[in-house]
Amino acid sequence: MNQKEDNENRRDNRQASKGGSSEVQTEQTSNDHSSNQQGSNESLMQTQQASTNQSSSLDQSGQMPEQEKPPAKQSVTQMTESVFLAAKAKNYFQISGIISFAIIFLMATIGTVVLFVSLLTLPPWWLIVIEVLLLAWLAYFMISVYPTKKYQRTKWRFDEQGLYIQQGIWWRKQYAVPRSRVQHIDVTQGPLQRNYNIAQLILHTAGTMNASVSLTGLSHEKAVEIRDELLIQEKYDAV
Amino acid sequence: MTQYKDTDMSNAVNTEKRLHPMSWLFIIIEFIKHFFVPLLVAFFAGGGDSYETLAAVFVIPGVLFAIIQYWVYRYTLAENEVMIREGVLIKNVRHVKYERIQNLNLTRNPLHRLFGVAQLELESASGGKPEAVMRVVSLTAVEEIKQKVLQAKAAVHHDDEETDEASDSADQRPPLLTIPLSELIKAGVISNKGMLVVAFAFGLLAQTRALDKFFDWLEVSMGGWFEGINFNMDHPLSIATMVVLGIIAFFIFIRLLSIIFMVFTYYGFELMRSGDKLAAQYGLLTQFNATVPEQRIQMVSVSENVLHRYFARSSVRIATAGGNAAGQPGGARKMLRWIAPIIDSQRVNDFLAAIQPKVSRNVEQWHSVAFRGWKRIVRAQSLVVTIIVAVSWFKLSFHALWFSLLMIWVVIYARKTVASMRYGFSDNALIYQSGWMVQHTTMVPISKIQSVELRENPLDRRTKMASVAIDLAGLDMNRHHISIKYLERDVAEKLINTLYDKVSATVYRWK
């Protein structure tokens with residue numbers, strides 16, 4: 001972009017404005033890419049086209065990296081270590097433990113009452129003690145031990161490779177689901193889970209025994225982040 | 001609504017086609033197969049009184065159903081899709097793109113052949129049921145549909161691959177595998193398929209109370225055969241003799257059934273390659289035609305039992321995506337699973353190279369599992385032996401202790417089995433071998449692996465072991481697949497990571 005050409009440009013612009021197209025002029029003067037313009041109106045139009053093309057491609061290249069690595073998603077992709085579920089997942093597991101226990105407690109109580117009413121006798125005291133002790137132990141287990149263990153044993157990692165999950169207390173399992181094998185993704189949230197802002201992420205693959213791999217206890221934002229990122233990648237896969 | 005339908009009809013009327021006029025017959029037969037066998041069994045077993053009522057309640061509506069079904073079933077071969085309309089109350093229109101059709105399965109039993117028709121199944125990769133079952137169409141119609149599908153396939157492949165020119169001239173090439181009758185008889189002797197027939201027959205007989213009569217007859221005639229020999233049924237030796245004789249007789253019976261089964265199923269077996277597809281054709285009475293695109297093969301498994309090895313033969317099985325027929329009623333739907341029901345063991349390598357030329361099977365380094373795993377098998381099996389001894393104690397008292405000799409067998413079996421398990425990576429596949437009496441080698445291209453799993457059950461954790469399993473499309477869990485047990489914990493951890501890296505680096509392709 002030497003001086004001479006620049007001067008020529010200005011002259012061209014003036015000529016163009018004389019020709020009546022003031023729109024072109026204003027656009028052109030504000031544009032820095034008009035370096036290889038010739039004398040005529042025709043070439044002016046050509047270069048303008050070229051410059052708009054250039055700027056549009058710039059736009060694209062400006063958008064592309066943004067789509068690939070949106071700032072919000074970087075936190076997920078850059079995971080190197082497996083992490084625990086959302087802190088509130090533990091509370092959620094406890095609440096669901098309490099609900100399950102409540103159901104068992106109700107059934108046990110009703111069962112006992114119905115049994116002894118139908119037998120028309122009072123239950124022996126030791127049976128009541130055993131039942132209460134059993135239920136107490138079950139309550140302790142279902143509300144305290146199991147949710148804590150479950151939380152401690154569940155870890156996940158989502159990175160460039162895909163989703164890696166480890167879970168299970170007695171039967172421990174680790175799943176590795178590569179990104180390219182994910183067919184579709186579900187993020188679900190039950191009413192109770194909504195209360196704790198927790199979601200269940202389900203990855204579906206074309207496999208058989210692990211056709212869907214699910215992870216309950218991610219924060220809803222995280223689950224959506226992962227889903228969105230997999231969706232973007234799917235879009236690029238398709239192209 | 002009606003107006004729309006009318007215009008639609010008038011547009012399509014010149015291209016819309018019906019099934020073969022004899023279709024109603026085959027629809028009735030299918031109807032009877034699915035709903036009537038249990039009913040008839042119950043009916044005859046119950047003693048046939050209300051013959052007419054049964055006919056009035058089930059047969060007449062069945063026939064009507066079949067005729068209506070034939071009447072409403074139409075298909076249109078459009079430019080790039082097949083459109084199928086069916087249904088009376090609930091109308092159903094289905095569009096299937098030719099390029100999405102993965103498999104064309106053709107079945108012809110003697111009745112089909114009498115009328116010059118075939119049952120055609122169109123399969124996509126979706127798994128479960130086929131996209132369309134045409135029961136039945138004429139052979140010219142089959143050819144027409146086949147042409148459409150093949151043309152669409154060729155067009156798609158010419159778009160993204162230039163190497164497909166061979167597909168037209170391929171039919172002249174010699175078949176990959178043909179199985180003569182002598183080989184089929186061998187296959188029958190080797191295989192255990194007779195068990196299936198026996199199980200089926202027993203199931204049927206048990207329902208019709210014929211089984212009791214059969215056993216009565218057996219008892220009477222056995223009494224006749226063994227009159228001369230004085231059996232004291234309380235003596236363990238005579239029990240043992242009876243058991244051995246019974247097992248031998250049963251074995252021969254099973255083998256005979258197996259031979260019949262193999263000859264009927266695989267008579268005239270021919271496997272050919274045309275382009276990137278494998279086409280197989282077989283069957284004595286019911287002929288079966290199947291095409292499988294090579295890309296759709298998810299897994300190849302070679303198995304050899306003791307008899308296989310005696311005859312120097314092998315069997316090769318494949319798993320294909322979307323073709324898991326498990327849970328299909330009556331096993332009515334067949335598919336190409338045994339791509340080589342029997343093959344000379346020497347030829348296996350060439351054969352595998354021919355069906356999957358792009359998959360390498362050279363393993364540089366094999367890895368074995370933790371040998372101490374055999375102790376776990378022994379521990380589990382000793383429980384079984386204990387139960388056998390305990391149960392037979394009632395009958396044999398202290399003689400039952402002889403059964404504890406089974407433990408010798410258990411130890412040998414456990415050690416040999418664990419020693420036989422090994423896995424290794426080729427350039428683009430994972431290969432797993434296991435089995436002592438029955439040896440299996442299963443090969444899975446890395447790109448076909450869907451996900452990887454590491455499992456640790458409580459026993460694994462006590463012995464610091466773990467197992468690694470890989471998941472595939474169309475995996476048959478009841479048969480040999482890659483699920484490597486008795487790995488050292490850290491080895492398993494490394495293996496799942498290696499697999500994860502390798503799988504992530506590849507792309508899965510349906511076609």
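The shown structure was predicted, so the numbers you read here are calculated from the model rather than taken from an experiment. (Residues numbered from 1 in each chain as written. Chains lettered and ligands numbered in written order. Predicted model: local features only at pLDDT ≥ 70, side-chain atom pairs only at ≥ 80, totals over all residues. Heavy atoms only, no water.)

Let us look at the overall build of chain B. Helix and strand counts for chain B stand at 16 helices and 21 strands. With 511 residues in all, chain B has 42% of them scored as buried. (Helix = DSSP H or I, 4+ residues; strand = E, 2+ residues; numbered from the N terminus. Buried < 20%, exposed > 50% of the residue type's maximum accessible area, 1.4 Å probe, protein only.)

Here we take up the sheet that holds strand 4 (residues 92-97) of chain B. Residues and elements named next belong to chain B. In space, the four strands of this open sheet follow the order 1-2-3-4, with antiparallel pairing throughout. Two strands in the sheet have a free side with no partner beyond their single neighbour: strand 1 (16-18) and strand 4. Between one strand axis and the next, the sheet turns through 25° on average, direction left out of account. (Pairing = 2+ DSSP bridges. Axes fitted to C-alpha atoms, helices over the stretch in contact; angles between N-to-C directions.)

The subject of this paragraph is helix 7 (residues 181-190) of chain B. Residue and element names in this part refer to chain B. Along helix 7, the positions that sit buried rather than exposed are Glu 183, Leu 184, Ala 187, Gly 188 and Ile 190. An end-on view of helix 7 places all buried positions within 160° of arc, on one side of the element. In this structure, the buried side of helix 7 is in contact with helix 10 (236-266), helix 11 (306-311), strand 13 (313-320) and strand 14 (338-344). (Arc of directions from axis to C-beta. Contact = heavy atoms within 4.5 Å.)

So, about the interface of chain A and chain B. Facing the 26 residues of chain A at the interface are 35 residues of chain B. Both faces combined, the contact of chain A with chain B buries some 2,400 Å², and carbon together with sulfur accounts for 48% of it. Run the count over chain A and chain B and you get one salt bridge. A salt bridge links Lys173(A) to Glu453(B), with the shortest nitrogen-to-oxygen separation between them at 3.5 Å. (Buried area = accessible area lost by both parts, 1.4 Å probe. Salt bridge = Lys/Arg side-chain N within 4 Å of Asp/Glu carboxyl O.)

Residue and element names in this part refer to chain B. Turning to its location among the elements, Ser 392 is positioned in helix 13 (residues 373-396). A residue is classified by how much of its surface remains accessible, and Ser 392, at 12% relative accessible area, is buried. Sequence separation of Ser 392 and Phe 403 is eleven residues, and the distance between their C-alpha atoms is 8.7 Å. Among residues more than four places away in sequence, those in contact with Ser 392 are Ser 397, Ala 400 and Phe 403.

Attention now moves to the pattern of salt bridges. Opposite charge on two side chains permits them to pair, given that their charged atoms come into close proximity. Inspection of every chain in the model, using the stated rule, returns 17 salt bridges over all chains. A salt bridge links Glu183(B) to Arg313(B); its shortest N-O distance comes to 2.7 Å. Here the residue Glu183(B) occupies a position in helix 7, and Arg313(B) occupies one in strand 13, the gap between them amounting to 130 residues. Taking relative accessible area as the criterion, Glu183(B) reaches 13% and is therefore assigned buried. Judged by its relative accessible area of 11%, Arg313(B) is buried. Taking the shortest distance from any N to any O, the salt bridge between Glu493(B) and Arg489(B) comes out at 2.3 Å. Highlighted residues: Glu493(B) and Arg489(B), both in helix 16 (residues 489-504), separated by four residues, approximately one helical turn. Take Glu493(B): its relative accessible area is 23%, and that puts it in the partly exposed class. Look at Arg489(B) and you get partly exposed, because its relative accessible area is 26%. Residues joined by salt bridges that share partners form a network here, namely Lys173(A), Glu453(B) and Arg455(B).

Our focus in this paragraph is the environment of Tyr413(B). All names here are of chain B. Assignment of secondary structure puts Tyr 413 in helix 14 (residues 406-420). Tyr 413 gets classed as partly exposed once you look at its relative accessible area, which sits at 33%. Between the C-alpha atoms of Tyr 413 and Met 437, which are 24 residues apart in sequence, the distance is 8.7 Å.

What follows concerns the UniProt feature "transmembrane region" (unreviewed entry) in chain B. Feature annotation in UniProt places "transmembrane region" (unreviewed entry) on residues 24-47, 53-73, 194-211, 239-267, 377-394 and 400-418 of chain B, given in this structure's numbering. Strand forms 0% of residues 400-418 of chain B and helix 68%; the C-alpha atoms that close the span are 29 Å apart. (UniProt positions renumbered as here; feature names shortened; annotations may be inferred.)

All names here are of chain A. Look at helix 5 (residues 88-119) against helix 6 (residues 125-153): their axes get within 8 Å of each other, and the N-to-C directions meet at 165°. On the basis of their axis angle, the class for helix 5 and helix 6 is roughly antiparallel. For the pair helix 5 and helix 6, the crossing hand works out as right-handed. A breakdown of the residues in the contact of helix 5 with helix 6 according to their chemical character gives 16 nonpolar, six polar and three charged. (Parallel < 35°, antiparallel > 145°, perpendicular 65-115°, else oblique. Left-handed = near helix turned anticlockwise from the far one by under 90°. Nonpolar A, V, L, I, M, F, W, Y, C, P; charged D, E, K, R; others polar.)

Further remarks concern the nonpolar core. Residue and element names in this part refer to chain B. One finds Ile 470 and Leu 499 to be the most contacted residues of the largest nonpolar core, which totals 40 residues. Elements supplying a minimum of two residues to this core: helix 13, helix 14, strand 16 (422-425), strand 17 (429-434), strand 19 (451-456), strand 20 (465-471), strand 21 (483-488) and helix 16. Element by element, the count of residues in this core is highest for helix 16, at six residues. Leu 499 has contacts with Phe 425, Leu 430, Ile 446, Ile 449, Val 452, Val 468 and Ile 470, leaving out every residue within four places of it along the chain. In terms of nonpolar packing, the next biggest core, distinct from the first, is built from 36 residues, Ala 187, Val 263, Tyr 282 and Ile 343 among them. (Core = buried A, V, L, I, M, F, W, Y, C linked by side-chain atoms within 4.5 Å.)

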